Amino acid sequence: MSDIKEVDIRFKMGDFNASSPGIWGTFTLVTGPANANQVWAELQGRYGEDYSSKPVVVFGSDDAESLKTFLENFDGFCVDTEEEKAKFLEDKANLLKPTFKRVGDELVISREEPIAELEPFIGGFQDVLDGNCSFEFTLECNKTPAQMHAEKNNIIYGMHNGYQGRVDLKLSLAFLERAFDMGTQFAPVPEPELAKSMLNFFKKYSLNFETYDVTSLPQELRDVFKHPMFEQISFFNPELLANLKEKLLPVLQQFEALSSVSGPLRIYYPIKDTLAIKLEMNAVDWFNQFVALLSE
């Protein structure tokens, strides 16, 4: 049995149009010095700082300076009490310790210090995070925020409007054995062969499946997705929207500076010589559409 196994899954549903996805996102985890240090070096080269063991959030903005000023001076939510605002400022200074840096049309948010609390835990895996473990998940959906806002379909119906994605996972026996060993701090010691059995369960395989196009279904079946039972779990439920309008809309209006966000949202967490996490998704128009929905 090989000590490295791979899982490769592809899926597609509905009338997905790959040439112009309305919503997309990718989550990636890479391990090993070469892969982790590539992400770390790219961030250092682009933004001029060492971000090892620090979270990094990057916003593209049509007015990055105003967005930076707003977030730097943010002192609490408008619906908070004075005591809650004081607690937020205390946490911001002593726990969050955020930093804000404008680089061209981008705002880079990070932290003054590395997250030291994670280092001992991650360090326990460092010798087995050698590039033989990785994970990537990608999802693309047809509908843009404006289309979803206009159609106001419930969640179940919206799921059948076209999407595709992929999952790529690579595991090593050494990593699984270490994970089981670390887990014995909280649970009974597993059987010695359990890690090997789990790895053998995956084997190397590819799965590619496509389902029906909802627009090709008979109208009677399509109407099922509009059933009142499903309307109860709809984000566009009038009762839910009224509640959000009362409690959330004032906060969103307070964050008007976010309406300038453009391009994808990018989040990184690199640990030099060990691993790197990357999340990228398109965030364009979400804020404006959300405010418009609650303002109706």
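These numbers were taken from a predicted model, which means no experiment stands behind them. The residue numbers shown here count from 1 along each chain, following its written sequence. Selection of residues for local features in this predicted model requires a pLDDT of at least 70, selection of side-chain atom pairs for listing and counting requires 80 or more, and totals for whole chains, interfaces and linings are taken over all residues. For the side-chain quantities, the full set of heavy atoms in the structure was used; hydrogens and water were omitted.

How would you sum up unusual backbone geometry? Please name residues and give values.
Unusually for a residue other than glycine, Lys97 sits at a positive phi of about 45°. Numbering of helices and strands runs from the N terminus, with a helix taken as a DSSP run of H or I at least four residues long and a strand as a DSSP run of E at least two residues long. By the secondary structure assignment, Lys97 is in the loop between α3 (82-96) and β4 (98-103). Backbone geometry places Lys152, a non-glycine residue, at a positive phi of 50°. Turning to its location among the elements, Lys152 is positioned in the loop between α5 (145-151) and α6 (155-158).

Which residues make up the pairing of strand β6 (residues 134-141), and what values do they have?
Bridge count between strand β2 (residues 23-31) and β6: 8 bridges; the pairing is antiparallel. For Gly25, the partnering residue across the bridge sits in β6 and is Leu139. DSSP bridges decide pairing: two strands pair if at least two such bridges lie between them.

Run through a nonpolar patch on the surface, naming residues and quoting values.
Excluding any residue in a salt bridge, patches collect residues exceeding 30% relative accessible area, merging like charges within 9 Å and nonpolar Val, Leu, Ile, Met, Phe, Trp and Tyr side chains within 5 Å. Accessibility throughout is a Shrake-Rupley quantity obtained with a 1.4 Å probe, and a residue counts as covered only by protein chains that appear here. Salt bridge, as applied in this entry: a Lys or Arg side-chain nitrogen positioned within 4 Å of an Asp or Glu carboxyl oxygen. Residues Ile155, Ile233, Phe235 and Leu240 make up a contiguous nonpolar surface patch of about 310 Å² in total accessible area. The topology assignment puts Ile233 in the loop between α10 (228-231) and α11 (238-247). Judged by its relative accessible area of 44%, Ile233 is partly exposed. Under the scheme applied here, a residue whose accessible area is under 20% of the maximum for its type counts as buried, over 50% as exposed, and between as partly exposed, the area being computed with a 1.4 Å probe on protein chains only.

Account for the environment of Asp285, naming residues and giving values.
With respect to the secondary-structure elements, Asp285 resides in the loop between β10 (275-282) and α13 (286-295). Overall, Asp285 belongs to the partly exposed group, its relative accessible area being 27%. Measuring from C-alpha to C-alpha, the distance between Asp285 and Ser260 comes to 9.2 Å, with 25 residues separating the pair along the chain. By definition in these notes, contact holds between two residues if any of their heavy atoms fall within 4.5 Å. Sequence-distant contacts of Asp285, defined by excluding residues within four places in its chain, comprise Pro145 and Ala146.

Run through the side chain of Asn153, naming residues and quoting values.
Mapped onto the fold, Asn153 is located in the loop between α5 and α6. Relative accessible area serves as the criterion here: at 12%, Asn153 is assigned to the buried category. Reaching out from Asn153, the side chain makes a polar contact with the side chain of Glu151 at a distance of 3.1 Å. If we skip the residues at most four places from it in the chain, Asn153 touches Gly158, Asn161, Lys226, Ser234 and Phe236. By the criterion applied in these results, polar contacts are pairs of N or O atoms within 3.5 Å in which, for protein atoms, one can donate a hydrogen and the other can accept it, and in which residues neighboring in sequence qualify only through two side-chain atoms.

I'd like to hear about the environment of Asp8, residue by residue, with values.
Checked against the element boundaries, Asp8 lands in strand β1 (residues 4-13). Between the C-alpha atoms of Asp8 and Glu136, which are 128 residues apart in sequence, the distance is 9.9 Å. Among the polar contacts listed, one links the side chain of Asp8 to the side chain of Arg10, at a separation of 2.2 Å.

I'd like a description of the pairing of strand β7 (residues 163-172), backed by residues and values.
Here 10 bridges tie β1 to β7, and the two strands are oriented antiparallel to one another. Bridge pairing in β7 places Lys12 opposite Gln164. Where β6 lies against β7, 8 bridges are found, and the strand directions are antiparallel. Pairing of Phe135 across the sheet is with Leu169, part of β7.

Can you tell me about helix α2 (residues 64-72), naming the residues and giving the values?
Those residues of α2 that fall on the buried side of the exposure criterion are Ala64, Leu67, Lys68, Phe70 and Leu71. Along the axis of α2, the buried residues cluster in a sector spanning 165°; they form a single face. To obtain the arc, one takes the directions from the helix axis to the C-beta atoms.

Before we move on, can you summarise the pattern of salt bridges with the specific residues and values?
Tallied over the entire structure, the rule returns 11 salt bridges. The salt bridge involving Glu151 is made with Lys143; its shortest N-O contact spans 3.2 Å. The class for Glu151 is partly exposed, based on a relative accessible area of 35%. Connected through salt bridges with shared partners, the residues Asp8, Arg10, Arg166 and Asp168 form a single ionic network.

So, the packing of aromatic side chains: which residues are in play, and what are the values?
Planes of paired rings set the category: under 30 degrees apart is stacked, over 60 is edge-to-face and the rest tilted, where pairs are Phe, Tyr or Trp rings (Trp by its six-membered ring) whose centres lie within 6.5 Å. By the definition in use, this model includes 12 aromatic pairs. An angle of 40° between the planes, with centres 5.5 Å apart, marks the rings of Phe125 and Phe175 as tilted. Of this pair, Phe125 sits in the loop between α4 (119-123) and β6 while Phe175 sits in helix α7 (residues 173-183); the two residues are 50 residues apart in sequence, bridging distant segments of the chain. Here Phe125 falls in the buried class, since its relative accessible area comes to 8%.

Residue-level account of the packing of α11 against α13, with values.
Fitted lines through C-alpha atoms give the axes, limited to the stretch in contact for helices. The angle between two N-to-C directions lies from 0 to 180 degrees. Taken N-terminus to C-terminus, the directions of α11 and α13 make an angle of 105°; their axes are 9 Å apart at the nearest point. When the axes of α11 and α13 are compared, the pair comes out roughly perpendicular. Residues Leu241, Leu244 and Lys245 of α11 pack against Leu293, Leu294 and Ser295 of α13. The scheme is simple: roughly parallel for angles under 35 degrees, roughly antiparallel for over 145, roughly perpendicular for 65 to 115, oblique for anything else.

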